[in-house]
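Residue-level structure breakdown
So you can see what is in the structure, the chains are spelled out below.
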Amino acid sequence: MKNAKKDSNSRARLTHVITSLGKSAAKPIFGALLLAGLVQHGYSQSYSLTNVWVVTNNTPSTHITTGDNNRGMAYDAISNQVLVVNKGVPTIDVFSSSGSYVGSVDASWTVGGNFKVDQVVVAEDGVIYGGNLQTAPSGTAPFKIYRWSSWNDTNQVTAFSGDPTFGLTLPGKRIGDTLVVSGSGTNTLILAGLNTSSAATTNVVLFRTSDGTNFTPTILSFTNLPAAGSGVAFGLAFYTNNTFLIKPNGSANLYLVQYPTNLAGVQITNGVVLGSTPLAGNYLQLSYNPVAKLLATHGATSTNVSLYSLPSFSSGLTLLATTTISTANANGNQTAGVALGGPGKTNVIYALETNNGLQASQINFTAAAVAPTITTQPVGGTIYTNAPSFTLSVVASGSVPFFYQWQFNSNNISGATNSTYTLNFPPVTNSGYYSVIVSNAGGSTSSVAVLVNVSTPLSSSVVTQLWTVAAGSRSYLGTSDYNTRGIAYDTNTSRVLVSDHGNTTIYVLNANNGNDLFTMNTLGIAGSFFPLNLVGVAGDGVVYAAGLTLDGNNFNIYSWPAAESNAVPAQAYGPNGSIGSTDRIGDSMAVRGAGLTTQILFGSFNSNNVVLFTTTDGATFTPMVINVPGAPNNFAGLGIAFGSSNTFWAKSSGFDLRQVAFDPVAGSASVIQDFAVPAQIATSLGGIGIDTNLNILAGVIFNDNPNDLQLFQLNGTNPPSLFHQAFFATANGNIQANAAVAIKSGRAFALDVNNGIVALSYGVPPPPLSAYSIASVTAQPGPAVVLTWQSVSGHSYQVQYKNSLSDASWINTGSPITATGATTASTNSVIGTNTRFYRILGL
């Protein structure tokens, strides 16, 4: 085997090889790829031929023999079979694509000619035509073409019988050594070479049909075409339209010739030579695929079977690959056969060498390497030093294999040569820009550089983590099912309640250690899209659970007198009530008050409404839809919490944090504070809860890895200040941003859907001075400097100064100051002409 054309980047090409010619399932894939490649990238592909099987002389049951008997061969694309003539019997053997003998065409009824059947061809519709050999065609010694609809057809049909030369006088003229076919049905065309024993000729006979059965000949004569030398065979193959290829014996060129399209009633006509291209070798048989633009050749005087690319005749032939066929026996008649085969006629070259058997050579196609293209870019983000892992990944398309090199701030990272790169418990020094270079044999490309911020999590001395329950550790805390969405805290019994809409169940846990205690009685709960979705506990210990409605209808609220296993649910709203709007509610819920002052608040998922439920008897509730002008739709859909007095806070992932004042009687509302994100408050914060006594806000951050519960100090009209982060035990996806937080009386419990529960105890946080404790103010000489900073009422602060930043210590300016509002100011005189640097410390 020899590969005649190679690409310089062949070390990493993707090679498509058909491992078994008998397995048709693989072939169409190869054929499609080969055809696509030829059309698009033929200039840079490579091919090789592998000999896969041979039917040798005297193989049992076959008629493959010596004695110059096997002269004609054809491929049937319909049945994926190969046909070989034995002129002596006469018969036509049929072989499968894997070389197995299938049977023989019945040719016993053929008569006349020097050989009754010498050549065989198969049209595109699978019809088989056989031609005899007639060395003196005349009315009494006719040339014949026989027709079989399939290889096992027993009908005796003669498609032509007569003198196709119309009495043309040629010394030792003969017809039937070369036969090729094109088309199907009434468009079937057959070419037969016209030879002489002692003189050259340029004549070819074209047979055409009007009924698909009976054929009429026309002699095609060409000028400016070298005459074929004496001998029995020369190369013919249809090309495109009304053209064909001819390889005269003795000529070093392949010619493209054209014949007229209208041959009705014409016995002899002149053809036109359109061009030539070099092609060495004598007695070459040709097989051309006009779709794939492939030409196969084999000649009796050469042991080579060759594959060429012929994208256009003007561009010439390109030798793609060659292989050899064994010639243990002489072939004095110089006859042979060749056919492109396999689905699309692009998978195999079948070659017949008279007296030496039938050989199949697999066409191996190696596609040119396609340079990589990044289809999925890496994604950066904010991570923390306690993150077990953060993985950057890239997905590329193109020719495999790919090679990867990750970079940090444009410098190669040693050993980072996979499609992913993982940071494990990264230090803050790992903050920076990460990118990856993807390369293959076709080239290379770089991803975008993404920023990864590594921060140290904020930890407050007033916060203690009580316990954590990981997703997957309990039956009701799934890792991907989004079933468990609600959490509540009962200060009366020190119990945590977790609601699971998948099982319509409320689980009760010990608030001190997270141990499971029991499940609430939920018998009879029904209705709503989810009958039970969220849960809350009022100040008097009454438990409330609500379903989820998608359109404001069939909504239910249930109540239990206490978080006890023997408590029986009652209908607090419903059954299957309508809230008076088409809003989706039940994804966020807040409960406050007790008895007659109990209020239940829901955010809307598809509008800028909220729905407030109040009671006049402490048992049943009435809804009020409150529109919040200026607020966007869904601003409270995934996070809502009561604030002080008649206010509530709202924060869904992707929205600002807003404080809204409302009138529970008039049903009106207005936004009184809007803290834009991002600031200290991440845009993904959701599922919020508020401790109105200590002015602490808690919420779940969904874009940290893993997600975390964050605690903020509310600072009046100043933005809330983050003072603690607590991370969930798992890092599973939560693309719906479902979370719930219960925070009051020094305890915070957070549920991050698919990631479990975190429980904290907390106290009063220190003053929010992270932005001021390291800030310095340069005071130029003058009478006084007024310093103003954000503060928390009741907290103490100390103003300090240095005359030079290189001084060893800071000096107090006056006594500590106790803040009485959201901002505090201090005036300090500058002595002399000194420049001073100031800072403010929270005590």
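These numbers were taken from a predicted model, which means no experiment stands behind them.

What about the nonpolar core?
Proteins that are soluble and globular tend to have nonpolar side chains buried together. Grouped together as the largest cluster of nonpolar side chains are 20 residues, with contacts concentrated most on Val700, Leu709, Leu711, Val741, Ile743, Leu760 and Tyr762. Of all the elements in the fold, those that place two or more residues in this core are β55 (696-701), β56 (708-715), β57 (718-727), β58 (739-744), β59 (747-752) and β60 (756-762). Ignoring anything within four residues of it in the chain, the contact list for Leu760 reads Val463, Thr464, Gln465, Leu466, Leu709, Leu711, His724, Ala726, Gly746, Arg747 and Ala748. Membership of the second largest hydrophobic core comes to 19 residues, among which are Ala396, Phe402, Tyr404 and Ile413.

A short note on the confidence of the model for the protein
Per-residue confidence for the protein averages 88 on the pLDDT scale, and 89% of its residues sit at or above 70. Residue range residues 769-781 is modelled with pLDDT below 50. Its contacts to residues more than four positions away, or to other chains, number 37 contacts.

Here we look at the pattern of salt bridges
Counting across every chain of the model gives five salt bridges. When the shortest N-O distance is used, the salt bridge between Asp516 and Arg474 registers 3.1 Å. Here the residue Asp516 occupies a position in strand β41 (residues 516-519), and Arg474 occupies one in the loop between β37 (463-469) and β38 (484-490), the gap between them amounting to 42 residues. Given the relative accessible area of 43%, Asp516 is considered partly exposed. A salt bridge links Arg495 to Glu564, with the shortest nitrogen-to-oxygen separation between them at 3.0 Å. With Arg495 in strand β39 (residues 495-500) and Glu564 in the loop between β44 (555-560) and β45 (570-577), this residue pair connects regions lying 69 residues apart in the sequence. The buried category is assigned to Arg495, whose relative accessible area is 18%.

Re the sheet that holds strand β48 (residues 609-615)
Across a sheet, strands are paired by hydrogen bonds formed along the backbone, either parallel or antiparallel in direction. Strand order in the open sheet formed by four strands is β46-β47-β48-β49, and the pairing between neighbours is antiparallel. Edge positions in the sheet fall to β46 (585-592) and β49 (621-627), since each of these pairs with one other strand and no more. Taking each pair of neighbouring strands and ignoring which way they run, the sheet shows an average axis angle of 25°. Direction of pairing for strand β47 (residues 599-604) relative to β48: antiparallel, over a ladder of five bridges. By the bridge assignment, Gly603 is partnered in β48 with Val610.

Cut-offs used in this document
Residues numbered from 1 in each chain as written. Predicted model: local features only at pLDDT ≥ 70, side-chain atom pairs only at ≥ 80, totals over all residues. Heavy atoms only, no water. Core = buried A, V, L, I, M, F, W, Y, C linked by side-chain atoms within 4.5 Å. Buried < 20%, exposed > 50% of the residue type's maximum accessible area, 1.4 Å probe, protein only. Helix = DSSP H or I, 4+ residues; strand = E, 2+ residues; numbered from the N terminus. Contact = heavy atoms within 4.5 Å. pLDDT = per-residue confidence, 0-100. Salt bridge = Lys/Arg side-chain N within 4 Å of Asp/Glu carboxyl O. Pairing = 2+ DSSP bridges. Axes fitted to C-alpha atoms, helices over the stretch in contact; angles between N-to-C directions.

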